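Examination of the molecular architecture
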Amino acid sequence: MPPKQIRPKSLADYLEVLSKIAFAAGLSSRVVDAKWENIRRAFHDFDPERVARMTPRAVDKLLEDERVIRSRSKIEATIENADTLLALDAEHKGFKRYLRAHADFESTVKDLRKQFKFIGDSGAYRFLWIVGEKVPSYHDWAESRDTAGRTPRPRR
């Protein structure tokens, strides 16, 4: 089942999607879903201005909170990603413009992976899909990746 798509209304919507993908890396989606409301509260509803200003003391406090996923690297990545999101939004006069400033899907994915922490190839695809950007069909995208060292199967 594909993830639900959204129409981002603010930078907070983009940051929430990026953050959920980052927190899900290496974890069961059920674990992430079960803690998500508390994570959302802990990160000020993903208001990127507030998240970017979170201090090392705030990080330490979250690491003690059993209601959230207590991964220093993922918490710090969320804060860094908020700062990056704000910078790209300012540079391109809109985050959607940043997403559409690339020549094609592959160059967008490459830049997302470079700019944001905990966003790999599949995370970038998932992010673009969820926020309603143009992506290839999942079948075509998956076949273009040789993730298991196998030769892609011919199309039927």
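Data block above holds the structure.
Below is a short write-up of the structure.

Cut-off values and rules
- Residues numbered from 1 in each chain as written.
- Predicted model: local features only at pLDDT ≥ 70, side-chain atom pairs only at ≥ 80, totals over all residues.
- Heavy atoms only, no water.
- Helix = DSSP H or I, 4+ residues; strand = E, 2+ residues; numbered from the N terminus.
- Rg over C-alpha atoms; globule rule 2.2 N^0.38 Å.
- 1 Å grid on protein atoms, 1.4 Å probe; cavity = no way out; pocket = protein on both sides within 12 Å on 5 of 7 lines; lining within 4 Å.
- Points joined across faces, edges and corners; volume = space filled by probe spheres on them.
- Buried < 20%, exposed > 50% of the residue type's maximum accessible area, 1.4 Å probe, protein only.
- Contact = heavy atoms within 4.5 Å.
- Axes fitted to C-alpha atoms, helices over the stretch in contact; angles between N-to-C directions.
- Parallel < 35°, antiparallel > 145°, perpendicular 65-115°, else oblique.
- Left-handed = near helix turned anticlockwise from the far one by under 90°.
- Nonpolar A, V, L, I, M, F, W, Y, C, P; charged D, E, K, R; others polar.
- Phe/Tyr/Trp six-rings, centres within 6.5 Å; stacked < 30°, edge-to-face > 60°.

1. Some words on the overall build of the protein chain
A tally of regular secondary structure across the protein chain gives 9 helices and 0 strands. When the helices and strands of the protein chain are read in sequence order from the N terminus, they spell out α-α-α-α-α-α-α-α-α. Taking 2.2 N^0.38 as the reference for a compact globule, 156 residues should give roughly 15 Å; the C-alpha atoms of the protein chain span a radius of gyration of 16 Å, in line with that estimate. Along the three orthogonal principal directions, the C-alpha set of the protein chain runs to about 55 × 35 × 25 Å.

2. Section: the layout of surface pockets
The volume enclosed by the largest pocket comes to roughly 600 Å³. Residue lining of the largest pocket: 24 residues in total, with Pro-3, Lys-20, Ile-21, Arg-126 and Ile-130 positioned closest to the centre. For the lining of the largest pocket, the secondary structure elements donating two or more residues are helix H1 (11–24), helix H2 (29–42), helix H8 (121–130) and helix H9 (138–144). Top contributing element to the lining of the largest pocket by residue count: H8, with 6 residues.

3. A short note on H8
Note on helix geometry: an α-helix contains 3.6 residues per turn, so any two residues three or four positions apart are oriented the same way. Burial in H8 covers these residues: Gly-123, Ala-124, Tyr-125, Phe-127, Leu-128 and Ile-130. If you follow the buried residues of H8, they end up packed against H1, helix H6 (95–99), helix H7 (105–115) and H9. A positive phi of about 80 degrees marks Gly-132, the residue just after H8.

4. Quick word on the packing of H1 against H2
Where H1 contacts H2, the axes come no closer than 11 Å and their chain directions differ by 135 degrees. Relative to H2, H1 is oriented oblique. The handedness of the crossing between H1 and H2 is right-handed. Of the residues in H2, those touching H1 at Glu-16, Ser-19, Lys-20, Phe-23 and Ala-24 are Val-32, Asp-33, Trp-36, Ile-39 and Arg-40. The class makeup of the residues in the contact of H1 with H2 is 5 nonpolar, 1 polar and 4 charged.

5. Observations regarding unusual backbone geometry
Its identity is not glycine, yet His-44 carries a phi of approximately 50 degrees, on the positive side. Relative to the helices and strands, His-44 resides in the loop between H2 and helix H3 (48–52). Its relative accessible area of 26% is what places His-44 among the partly exposed residues. With phi around 60 degrees, Phe-118 is a residue other than glycine that occupies positive phi space.

6. Topic: the environment of Val-131
Within the element layout of this structure, Val-131 appears in the loop between H8 and H9. Taking C-alpha positions, Val-131 is 19 Å from Val-32, a pair spaced 99 residues apart along the chain. Excluding its chain neighbours within four sequence positions, the residues that come into contact with Val-131 are Ile-6, Pro-8, Tyr-14, Val-17 and Leu-99.

7. A short note on the packing of aromatic side chains
Throughout the structure, instances matching the rule amount to 13 aromatic pairs. Between Phe-95 and Phe-116, the aromatic rings sit 6.2 Å apart at their centres with planes inclined by 75 degrees, giving edge-to-face as the arrangement. You can see Phe-95 sitting in helix H6 and its partner Phe-116 sitting in the loop between H7 and H8, a full 21 residues away along the chain. Phe-116 matches Phe-95 in its accessibility class, with the two residues each being buried. Note on Tyr-125 and Tyr-138: the rings are 5.9 Å apart at their centroids and 70 degrees apart in plane angle, and the pair reads as edge-to-face.

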